[in-house]
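A look at the structure
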Amino acid sequence: MNTETTQNPTAAGQTPAQTRIALAAVAATLLFASLGQTIVTTAMPIMVADLGGMEHMTWVITAYLLASTIGAPVAGKLGDLFGRKVVVQLGIFVFLAGATLAGLAQSMGVLIAGRAIQGLGGGGLIVVAMAIVADVLPARQRGQAQGLLGAVFGVSTVIGPLIGGFLVEALSWHWIFFANFPVGLLALAVLHAALPNVKRDSAVKLDMAGAFLLATLLSVAVLVSNLGGAVLPWGSLELIGLAGLGLAALAGFIAVERRAEEPILPLSLFRNNTFLVVNSVGFMVGVAMFGTITFLPLYLQVVQGVSPAVSGLFLTPMMAGLIASSALAGRVMSRTGRYRWMPVVSTALLALAMLSLSTLAPGSSLWQVTLSMVLVGLGLGPVFSIGIAAIQNAVPREMLGVGTASANMFRLIGGSVGTAAFGALFSTNLARNLGGDLAAGAGTGIGSISAEMVSQMPAAAQSAVYTGFSDALHPVFWIAAGLAALACLISLRLREVPMPENAAP
């Protein structure tokens, strides 16, 4: 199928077989984009050892996060204007170009540049692929499809590091950037055949000023979160200047969007109940999820003595819970057309999961960790799948891409803020709890703490470190539980938009 339409592509005229092919290509695209992010984690130490530049290591991750945060809303708007097909194809080419540059890198600077290009393509791919679901399926069926796409993310989170580790050991780290080329090229070919072309009858005036100001605002949000307290002191002139730039960009963005013919992020969406509630919940859940999961592997390695590889596998129970709950929530939405109560229940469950994690101590069993992570996944699943489907059902069709992109954008910003804020809180608590014991046991500072270092301490010092480390994590999980509870209360404000059983997409 390779037709032309004059409007946004829909499922009108598509056979069930063609719809299934399109959804399979969407799943392949998401797997392709998400693997590009997760496959790198296990190879980081090897890449740094080969290329040097330890002081720039975090930018391999930050560059991807920053570019994907910017790319998502821009790609979402372009998809609304010119059709999802051409934008997702362009996104695949951009991603492959970035992967090629990173794979051929002989310096840390080139690697970071490649990751930034990858992130620009990957951020756009994820949101446009999710918007395609709304183009080819009626409203009731979207939740179930989004739940299945959530399973793709879960799978990539588990197998990505494993594939990366295997390629590093069997070949070299360069090959991790070429590993999913076949998946990307297959998705490109199938999407070309399965999706219609879009031919506009009139010219479009792109909101370049709005795109630039939004990119600046999002860049500042991510950079302040990642640099504040870690690279730059919170009171430094550089960070204050960066924050000032963000405020200026926000004011300019609002002024420009009010006058734009085709705004990159229409301000009218902020008067939409579903848009506001779902994205507020997504931001808070992003803070809780990314900000706490970051520290669980540290607890397992330092306190429980688990190896780095095995500690990463403890994310698998969370992904299993996420896959199960998102699929179940989507099935319920598909059959009943009701969804308002699901974010309420799931965020309440997430709050309980965080409270469970707040009880972790040196003597806690690994089974407790496993069960807590299953609860985290069960709480996260419906927030993601139902949230996106609810936004797609509530916004005008010409804003589907922007609406879908907003969910990913607010969650990513929440994750960046949560990681930075909880990192600062944890470091402060750890310094207060372990300052004396750590210096006495190893003669080093807090920043150098590791499982190997603790294992060489006297037994009494080890016990103090284990207790102090666990206690330093408790406030992190308490705050995360509070944010999840607040998200639960906000979810009560969600107004359910009817989903007719046989409505066209």
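**Quick notes on the side chain of N279**
Along the chain, N279 falls in helix α10 (residues 273–293). Side-chain polar atoms of N279 contact the side chain of S406, separated by 3.1 Å. Dropping the residues within four chain positions of it, N279 is found in contact with T274, I391, S406, A407 and F410.

**Remarks on the pattern of salt bridges**
Following the criterion strictly, the structure yields one salt bridge and no others. In this structure, the salt-bridge partner of E496 is R338, at a minimum N-O distance of 2.3 Å. With a gap of 158 residues between them, E496 in the segment after α18 (459–491) and R338 in the loop between α13 (315–336) and α14 (341–357) connect regions that are remote in the sequence. Given a relative accessible area of 49%, R338 falls into the partly exposed group.

**Observations regarding the confidence of the model for the chain**
Residue-level pLDDT values for the chain average 77, and 84% of them are 70 or greater. α14 holds the highest mean pLDDT among the elements of the chain, 90, whereas strand β1 (residues 4–5) holds the lowest, 42. Note on residues 1–12: pLDDT under 50 across the span, and 38 contacts to partners over four residues away in sequence or across chains. Taken together, the stretch residues 439–448 has pLDDT below 50 and engages in 17 contacts with residues farther than four places along the chain or on a different chain.

**Topic: the nonpolar core**
Within the largest apolar cluster, 119 residues are counted, with the highest numbers of intra-cluster contacts made by Y299, M354, V376 and L380. Ignoring any residue separated from it by four or fewer positions in sequence, one finds V376 in contact with M318, L350, A353, M354 and L357. Of all hydrophobic cores here, the second largest spans 17 residues; its members include L51, A63, M108 and I176.

**Some details on a nonpolar patch on the surface**
Residues F82, V86, L206 and M208 make up a contiguous nonpolar surface patch of about 360 Å² in total accessible area. Relative to the assigned elements, F82 resides in helix α3 (residues 58–82). In this structure F82 comes out as partly exposed when scored by relative accessible area, which is 32%.

**Here's the deal with the packing of aromatic side chains**
By convention here, two paired aromatic rings are described through the distance between centres and the angle between planes. Taken as a whole and judged by the stated rule, the model has five aromatic pairs. For the pair W175 and F178, a centre-to-centre distance of 6.0 Å together with 75° between the ring planes defines the contact as edge-to-face. Here F178 falls in the partly exposed class, since its relative accessible area comes to 23%. Ring centres of F275 and F410 lie 6.5 Å apart, and the angle between their planes is 85°; on these two criteria the pair is classed as edge-to-face.

**Brief notes about the packing of helix α4 (residues 84–103) against helix α5 (residues 108–136)**
For the pair α4 and α5, interaxial distance at closest approach is 7 Å and the crossing angle is 155°. Judged by the angle between their axes, α4 and α5 are roughly antiparallel. As for the relative orientation of α4 and α5, their crossing is left-handed in sense. Of the residues that constitute the contact of α4 with α5, the class distribution is 16 nonpolar, six polar and three charged.

**Considering the environment of L425**
Structurally, L425 is set in helix α16 (residues 400–442). For L425, a relative accessible area of 25% corresponds to the partly exposed category. Along the chain, L425 and A472 lie 47 residues apart, while their C-alpha atoms are 8.3 Å from each other. For L425, the residues in contact, after removing those within four places along its chain, are P475, V476 and I479.

Each value, and the rule that gives it
Residues numbered from 1 in each chain as written. Predicted model: local features only at pLDDT ≥ 70, side-chain atom pairs only at ≥ 80, totals over all residues. Heavy atoms only, no water. Helix = DSSP H or I, 4+ residues; strand = E, 2+ residues; numbered from the N terminus. Polar contact = N/O pair within 3.5 Å; in protein donor to acceptor, adjacent residues only side chain to side chain. Contact = heavy atoms within 4.5 Å. Salt bridge = Lys/Arg side-chain N within 4 Å of Asp/Glu carboxyl O. Buried < 20%, exposed > 50% of the residue type's maximum accessible area, 1.4 Å probe, protein only. pLDDT = per-residue confidence, 0-100. Core = buried A, V, L, I, M, F, W, Y, C linked by side-chain atoms within 4.5 Å. Patch = residues over 30% accessible without salt bridge, like charges linked within 9 Å, V, L, I, M, F, W, Y side chains within 5 Å. Areas by Shrake-Rupley, 256 points an atom, 1.4 Å probe, with all protein chains shown as cover. Phe/Tyr/Trp six-rings, centres within 6.5 Å; stacked < 30°, edge-to-face > 60°. Axes fitted to C-alpha atoms, helices over the stretch in contact; angles between N-to-C directions. Parallel < 35°, antiparallel > 145°, perpendicular 65-115°, else oblique. Left-handed = near helix turned anticlockwise from the far one by under 90°. Nonpolar A, V, L, I, M, F, W, Y, C, P; charged D, E, K, R; others polar.

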